[in-house]
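The lines below spell out each chain.
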Amino acid sequence: MAELIQLRDVTAHFGSRAALRGVTLDCAAGAVTAIIGPSGSGKSTLLRCINRLHEITPGARTSGTVRIGDIDVHAQNTSVVTLRRSIGMVFQRPTPFPTMSVFDNVASGLRAAQPRLRRNALAEQVERALRRAGLWNEVVDRLDGSALALSGGQQQRLCLARALAVNPQVLLLDEPTASLDPLGSQRIEELLYELRGEVTIVIVTHNMQQAARVSDVTAFLLDGELVEVAPTQRLFTTPRDPRTEAYVTGRFG
Ligand SMILES: Nc1ncnc2c1ncn2[C@@H]1O[C@H](COP(=O)(O)OP(=O)(O)OP(=O)(O)O)[C@@H](O)[C@H]1O
Ligand SMILES: [Mg+2]
């Protein structure tokens, strides 16, 4: 498979402190790549370098290169707006727009990206995104209701629908099921499985069973360094680095 996301020697600082050191990683187009590692190892920072969220923290900087296809993410002439439109992100806690309806949460990105879209076409695309996120049947009769009236799991799928609505090439998921119950988590995992091949997904997770279930490739981060990256099954069954082995067998620290 062709590599869509390429990180080359990426280092990320908060002030004088390096949160990520010299990370080189490729993510194949249409594949699911899981990032695992202990708390503070730099997993979220890695995701935030891919969509340039890292740089909004005062004092934060990056070096090295990140490419998405032909785009040099950190190049001066790369538009952050365009970039973020092709990269969806879902966070640990659901972040629906609190003052908007279910419909408007999904429609907002579409309206910004395609201001001339007619009402019917907009409604069709909103429905399509909600269906892709496995939420349509649950919200079809409350599209005008508040997004905050949905359950946590539904809100998270709404955030997924909002991200998918603009047809991103890349989806970044930072512990997307951490605040969900087992059933809610399972639904998200099933959706990731269905999106495989259509969207290139990078998922941070603390749950190693989840990484094993949903990902094609797993990368293990420790203290900001990429210790090992391998096909998921290989990484969990026969890790090559003793630190990876200690982590995946739960003997860490
Ligand atoms: N806004 C910030 N300002 C300063 N340091 C930060 C900031 N955010 C993160 N860090 C530091 O950068 C390092 C990496 O943090 P990061 O959030 O990427 O870790 P993580 O692997 O996602 O951890 P967790 O599993 O707890 O979410 C940590 O040492 C953290 O303390
Ligand atoms: Mg994190």
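Residues numbered from 1 in each chain as written. Chains lettered and ligands numbered in written order. Predicted model: local features only at pLDDT ≥ 70, side-chain atom pairs only at ≥ 80, totals over all residues.

## Observations regarding the sheet that holds strand β8 (residues 200-204)
In sheet architecture, strand pairing relies on hydrogen bonds along the backbone and comes in two forms, parallel and antiparallel.
Then comes step 1: Taken in spatial order, the 6 strands line up as β6-β7-β8-β3-β9-β10 in an open sheet, and their pairing is mixed. Every other strand in the sheet has two partners, leaving β6 (87-90) and β10 (225-231) as the edge strands with one partner each. Each neighbouring strand pair of the sheet contributes to a mean axis angle of 15°, computed without reference to strand direction.
Then comes step 2: Where helix α6 (residues 152-165) meets the sheet, its contacts fall on β6 and β7 (170-174), and the angle it forms with β6 comes to roughly 175°. (Pairing = 2+ DSSP bridges. Helix = DSSP H or I, 4+ residues; strand = E, 2+ residues; numbered from the N terminus. Axes fitted to C-alpha atoms, helices over the stretch in contact; angles between N-to-C directions. Contact = placed C-beta atoms within 7 Å.)

## Quick look at α6
Then comes step 1: Over its 14 residues, α6 extends 20 Å from the first C-alpha to the last, a length consistent with the 20 Å expected when each residue adds 1.5 Å.
Then comes step 2: Within α6, 13 of the 14 residues are buried, which leaves it mostly tucked inside the rest of the structure.
Then comes step 3: Downstream of α6 by a residue or two, N167 has a phi angle that is positive, lying close to 55°. (Expected span 1.5 Å × (residues − 1). Buried ≥ 20, exposed ≤ 12 C-beta atoms within 10 Å, placed from the backbone.)

## A word on the packing of α6 against helix α7 (residues 182-195)
Then comes step 1: Direction vectors running N to C along α6 and α7 enclose 20°, while the axes themselves pass 9 Å from each other. With respect to each other, α6 and α7 are oriented roughly parallel. For the pair α6 and α7, the sense of crossing is right-handed. Facing α6, whose interface residues are G152, G153, Q156, R157 and L160, α7 presents G184, R187, I188 and L191.
Then comes step 2: Among the residues forming the contact of α6 with α7, the class breakdown is 3 nonpolar, 4 polar and 2 charged. (Parallel < 35°, antiparallel > 145°, perpendicular 65-115°, else oblique. Left-handed = near helix turned anticlockwise from the far one by under 90°. Nonpolar A, V, L, I, M, F, W, Y, C, P; charged D, E, K, R; others polar.)

## Comments concerning the sheet that holds strand β5 (residues 71-72)
Then comes step 1: If you trace the 4 strands from one edge of the open sheet to the other, you get β2-β1-β4-β5, paired in antiparallel fashion. Each edge of the sheet is formed by a strand with only one pairing partner; in this case those strands are β2 (17-28) and β5.
Then comes step 2: Strand direction decides the pairing type here: strand β4 (residues 60-68) and β5, joined by 2 bridges, are antiparallel. Along β5, the bridge assignment pairs I68 with I71.
Then comes step 3: Across the sheet, helix α1 (residues 43-50) is in contact with β1 (3-14), β2 and β4; its angle to β2 comes to roughly 65°.

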